[in-house]
Each structure stands twice: as structure tokens, then as C-alpha cells.
Amino acid sequence: MKDSIIENLKKEIEGFKHEIKAEKMGRVLEVGDGIAKISGISEVGSQEMLLIETSGGEVVGIAFNLEEDLVGAIVLGDSTKVKEGDVVKPTGRVLSMRVGDELIGRVVDPLGNQQDEHGPIFGTKSKELYYPVERVAPSVLDRESVNTPLHTGIKAIDSMIPVGRGQRELIIGDRQIGKTSIAIDTIINQGKDTRYPTPICIYVAIGQKESKVAKIVARLKEQGAMEYTIVVSAPASSPASLWFLAPYSATAIGEYFMHKGKDALIIYDDLSKHAWAYRELSLLLRRPPGREAYPGDIFYVHSRLLERAAKLSREKGGGSLTALPIIETQLGDVSAYIPTNVISITDGQIYLEPELFYQGIRPAVNAGLSVSRVGSAAQTKAMKKVAGKLRLELAQFRELAAFTQFASELDESTRKRIERGRVLIEVLKQPEMDPVSFEKQVVLFYAAIHGHFDTTPPSEVVKKGNDLLDYMETMHNDTVLGVIQSSGEISKEIEEKLKVALEDFFSVSRS
């Protein structure tokens, strides 16, 4: 019996292999306010993922500050679980986001965890594909010029401040004057624009109340827009680290679709709160403050994010990522630090003015201060034909309206221009969640700049415009609207048909 036990022990000892495994580990020296100071991992890379072993399980962190003796990390999970002395292990890889078509229609946090009630996002058979949260923007040689419109369905924007696929167009204005509404209406319109492929839309909520995000998701579901939309939410209750991470994670998702040759639209709501979060993290990490207490690299933080939006060349698949960042101003001050930074990075801005909003002009777009640096390159020929004259007449109206405040008598031509300007302002008014297709916009603007609304009282212009569009859809859908929609231009033949249709409608309405 003893011999057999000894034999078994000998066999086990002979088969035993002892391997020495070296593992780099550090320890938490100090933790507080979502920031951990770690020693013992001097070879860790910037933005590298760290696993902090706590009594309540592993918590993820990111190496943010690389100092001589310490590493400053931002804690992405529950920082209250992290205690002094906890073991920290480097992972050897930068923070990445799991991407895939399964994300469409879902609400996720900046780490890719589900925030809705529809079960796991990725099934067991889903392909595991990760995109780094931080990525170098496409080079100039990998891009091509923006030439395809992204119709917002908002008359004032599609006509005078056109947005193209691959563009970065800033939406800027004070709080509570319709910035988010413009962004949500743009998403809703993507599913209704049949001329171009529907882009995958990504809405990033940074520091928003959870009730507001829930309302936005409900509105998108009601309009059928969640079928092509992804919501990335870092709510007000989440730590500043997730506010900071949210736009980068969402951009990684957008890049996945762009690299597949598809179009994607991403809305950052809003980058002012993102800048606040970065300022908070930087001050906690004792980085030297600069203007308005923001760290010196705040411009780079936003530029490296927005430069990732692009229209890729055909050799690279021809996909696009369009960015609509939102910036909140204080009392209309566009000369503040963050607004001027983002204005200089983007390809134009849509400026919403409080005075217009309080006058009842919705959306409150100031066409004089708003600009699209892509311009008419991102417009259909039909829209280009009517929009040029529209902008000119509105500009003349604004100039004359300011001048005539002090004039008692007006000559006939000045009076007519002012009346036409008032009509055009009424034509451009539009309620929320009521996007207008570009062919209907073209018909409406054509009628307005050719004087068909001149005899209509301003208070009745909106109703008359809606009646006109209903009439065109009922009587001339195939002969006029359908042809403009499919061809994207107004030929001489279509223009003649349009003139006859307008004469018929306005002659009946006048009688």
C-alpha cells in the first residue's frame, strides 16, 4: 500500500512543471473624486486600460497622467469601491469600444453597456470587433470633398446653411432656444429622405438629465427613427470621466459604419459640458489651468474629436461621418473661449438667436451670422436655384428693416422689399417634429421668391404654404414633386408645369 502511494507521488512530482510568471502590478496610493494615483506601473502607456482589483470586483480605469513616479488614472466605474492599497494591473491595450450592427436601435453608456430594457446587445454568435475610443483622424489623402447633401428637413437650414455628408456643422446658441430640437428633427428627417441612403444616426447625450434622454428616445421611437439610431448616454448622474469619454466612444461607433462604406451622422449634445468635464478632471489631476481655468490642451481635445468626421475617398470605401456638435453660449456670447475654439474647428455654424426665438420665429436661426463653409457644393441643383435669391432678399430685408426704424415715409420699392422679407420669414417658420422634404421646400421657396405670397397677410402665410404643399402632393405629386425629387433639379419643362400649378392654386385661393 505504501509502495503504491510512493509510486503515485513520484509520478506526480515528475510531471510537475514550475513556471515563473512575471506580472506587472501597481498599487493605489490615493483615491478621490473619481481620480486614482497609482505607483509601481511606470511603463504603462497613455490612455491604457487598467484593471483595479477591489473588494467589490474589478473596476476599469484609464492612465491619464504619466508622471515620473506616479500614474494619474481616471476611474470609469464606481470610484467609491476603490480603496488605498488596491492592486492595479495594466492590460497592455488602449480603451476600446465593442462595435457592430447590433448597436442600432439601442441605448448604451460610453463603455458600451446597455442602458435600455431590450436584453443583451451582442448575442453569443456576434462577431467580436473592437474599435479604439481614441483614433487618429483620416489623412487629407484619404478624404474627398463634401459633395452630397444631408437634408435636415428644416427649411431655413437646407436653403441657406446647407449641411453635407462628411461636414462638421456647429449648432450654437443660448440654453432653451431649440438646439436639441434641430438635431432631433434632423435625425427624424433622415428616414424620410428617399433620395439618398439613410445614414446611421448617433445621438450623444453628455450630462443631460435622464428624463430628457428618455423623452428624446420616446420621440425617436414614435417617429420610427430608432430603427437607424444609436443613443450613447452619459447622464448628469454619471461621473465626469464618462462625460469626457462619451463623444469619443460614440465616434468610434460612427467610424465603424464609415469604414463599412456607409454614411453616419453623429450629434454631440453638448460639447460645453464635455469641456467642463475635462476641466474638472484636469484640475483634479493638478494640471496647470489656463484661460477660464481650462487646461492648455482643451482646443486639442475638441479638434482631435471633430477631425475624425470625414467624407472618405472611393479608394477608402466612400463612407462618411457627419458631425453636428452643439455648444451652449451664455447670454449670446459667441466670443467666449469654448465657442470660439469650436467655431474655428468646424466647417460653419448654425447660430440660434434668443431675440428671434422670443419674437416667435422658430427655428430661431439667424441667417446673417450662420454660415456653411461647404456652401452650395452640398445642395441639389433645384435647391441651389431658389436658395441664392432667398438669402439675398432676406439680407436686404434685414438691412432695410434696421434702416427704416427711423424713417417715416418709404418709397414703393423699399416697401415691397420689406413686405417680401416679412413673407419669407413666415415661410421659413416651422414647428418641431415637422421636417419638410427638399422637393416641397423647393416648391415653397419658388412660390415665395416669385411673389405668389405677396398679397397674403403675414399671419396667413404659414397656413397658405401648408395648403400649397397639400395641393401639390395631391394634384402634382408625380408630374412635379416626384420629378424634382428623383432628378434633383428644375428643368425648363418642370418649371413650366410648376408655374401652371402655382397659378391654378393661387387663382383659386384668391377667388
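*Asks:* Explain the overall build of the protein chain here, please?
*Replies:* For the protein chain, the count of helices and strands is 15 helices and 16 strands. If one aligns the C-alpha atoms of the protein chain with their principal axes, the spans along those axes are about 115 × 50 × 45 Å. With 511 residues in all, the protein chain has 52% of them scored as buried. Excluding contacts between residues fewer than 6 apart, the proportion of contacts in the protein chain whose partners are at least 24 apart in sequence is 73%. As presented, the protein chain carries roughly 24300 Å² of accessible surface, and 51% of it is formed by carbon and sulfur atoms. For the protein chain, the distance from the average position of its 63 positive side-chain charges to the average position of its 71 negative side-chain charges is 2 Å.

*Asks:* Mind showing me how you'd approach the environment of Gly92 here?
*Replies:* Along the polypeptide, Gly92 turns up in strand 6 (residues 87-94). Taking the relative accessible area as the measure of exposure, Gly92 reaches 65% and is therefore exposed. Placed 185 residues apart in sequence, Gly92 and Ala277 show a C-alpha to C-alpha distance of 26 Å.

*Asks:* For this particular structure, what's the right way to read the pairing of strand 13 (residues 263-269)?
*Replies:* The two faces of the sheet receive side chains in turn, since in a regular strand these alternate between them. With seven of seven residues buried, strand 13 is to be regarded as a mostly interior element. Along strand 13, one buried face is formed by Asp263, Leu265, Ile267 and Asp269 and the opposite face, lined by Ala264, Ile266 and Tyr268, is buried too. By the bridge criterion, six bridges tie strand 11 (residues 200-206) to strand 13 in an arrangement that is parallel. The partner of Val204 across the bridge, within strand 13, is Tyr268. Pairing of strand 13 with strand 14 (residues 320-328) involves six bridges; the strand directions are parallel. Paired with Ala264 across the strands is Leu321, a residue of strand 14.

*Asks:* Sorry, what's going on with the sheet that holds strand 4 (residues 57-66) here?
*Replies:* For sheets, the rule is that strands pair by backbone hydrogen bonds, running either parallel or antiparallel. One closed barrel accounts for six strands, arranged 1-2-5-4-3-6; its pairing is antiparallel. Each adjacent strand pair in this sheet contributes to an overall mean axis angle of 45 degrees, direction not counted. When strand 4 meets strand 5 (residues 70-75), the two strands line up antiparallel, connected through five bridges. Directly across from Asn65, in strand 5, lies its bridge partner Gly72.

*Asks:* What is the right way to read the sheet that holds strand 14 from this model?
*Replies:* Here we have eight strands laid out as an open sheet, ordered 8-12-11-13-14-10-15-16, and mixed in their pairing. Pairing within the sheet leaves two strands with one partner each, and these edge strands are strand 8 (107-108) and strand 16 (371-372). Pairing analysis gives six bridges linking strand 11 to strand 12 (residues 229-234), with the strands arranged parallel. Counterpart to Ile206 in the pairing with strand 12 is Ala234. Strands strand 11, strand 13 and strand 14 of the sheet are contacted by helix 6 (residues 271-284), whose axis makes an angle of about 75 degrees with strand 14. Docked against the sheet, helix 8 (residues 337-345) engages strand 10 (170-173), strand 14 and strand 15 (348-352), running at close to 155 degrees with respect to strand 10.

*Asks:* Whenever I open this one, the packing of helix 6 against helix 7 (residues 298-306) confuses me. Can you help?
*Replies:* Relative orientation and spacing of two packed helices are given, respectively, by the angle between their axes and the distance between those axes. In contact at an axis separation of 10 Å, helix 6 and helix 7 are set at 130 degrees when each is read in the N-to-C sense. Here helix 6 lies oblique to helix 7, going by the angle between them. Classified by chirality, the crossing of helix 7 by helix 6 is right-handed. Contacts between helix 6 and helix 7 involve Leu271, His274, Ala275 and Tyr278 on the former and, on the latter, Ile298, Val301, His302, Leu305 and Leu306. By residue class, the composition of the contact of helix 6 with helix 7 is seven nonpolar, two polar and no charged.

*Asks:* Any chance you could explain the side chain of Thr380 here in plain terms?
*Replies:* You can see Thr380 is positioned in the loop between strand 16 and helix 10 (381-403). Exposure remark for Thr380: the relative accessible area of 5% places this residue in the buried category. Thr380 has contacts with Pro149, His151, Arg195, Tyr196, Phe438 and Gly488, leaving out every residue within four places of it along the chain.

*Asks:* Explanation requested: the nonpolar core in the structure shown.
*Replies:* Ranked by size, the top nonpolar core spans 74 residues in total, and within it Ile187, Phe453, Leu468 and Met472 carry the most contacts. Top element by residues in this core is helix 12 (residues 438-449). It accounts for nine residues. Ignoring any residue separated from it by four or fewer positions in sequence, one finds Ile187 in contact with Cys201, Tyr203, Leu220, Ala225, Tyr228, Thr229, Leu265 and Ile267. Counting residues in each nonpolar core, the second largest holds 62 residues, with Val99, Ile202, Trp243 and Tyr278 among its members.

Criteria and cut-off values
- Residues numbered from 1 in each chain as written.
- Predicted model: local features only at pLDDT ≥ 70, side-chain atom pairs only at ≥ 80, totals over all residues.
- Heavy atoms only, no water.
- Helix = DSSP H or I, 4+ residues; strand = E, 2+ residues; numbered from the N terminus.
- Buried < 20%, exposed > 50% of the residue type's maximum accessible area, 1.4 Å probe, protein only.
- Contact = heavy atoms within 4.5 Å.
- Areas by Shrake-Rupley, 256 points an atom, 1.4 Å probe, with all protein chains shown as cover.
- Lys, Arg positive; Asp, Glu negative; His and termini not counted.
- Charge placed at Lys NZ, Arg CZ, Asp CG, Glu CD.
- Pairing = 2+ DSSP bridges.
- Axes fitted to C-alpha atoms, helices over the stretch in contact; angles between N-to-C directions.
- Parallel < 35°, antiparallel > 145°, perpendicular 65-115°, else oblique.
- Left-handed = near helix turned anticlockwise from the far one by under 90°.
- Nonpolar A, V, L, I, M, F, W, Y, C, P; charged D, E, K, R; others polar.
- Core = buried A, V, L, I, M, F, W, Y, C linked by side-chain atoms within 4.5 Å.

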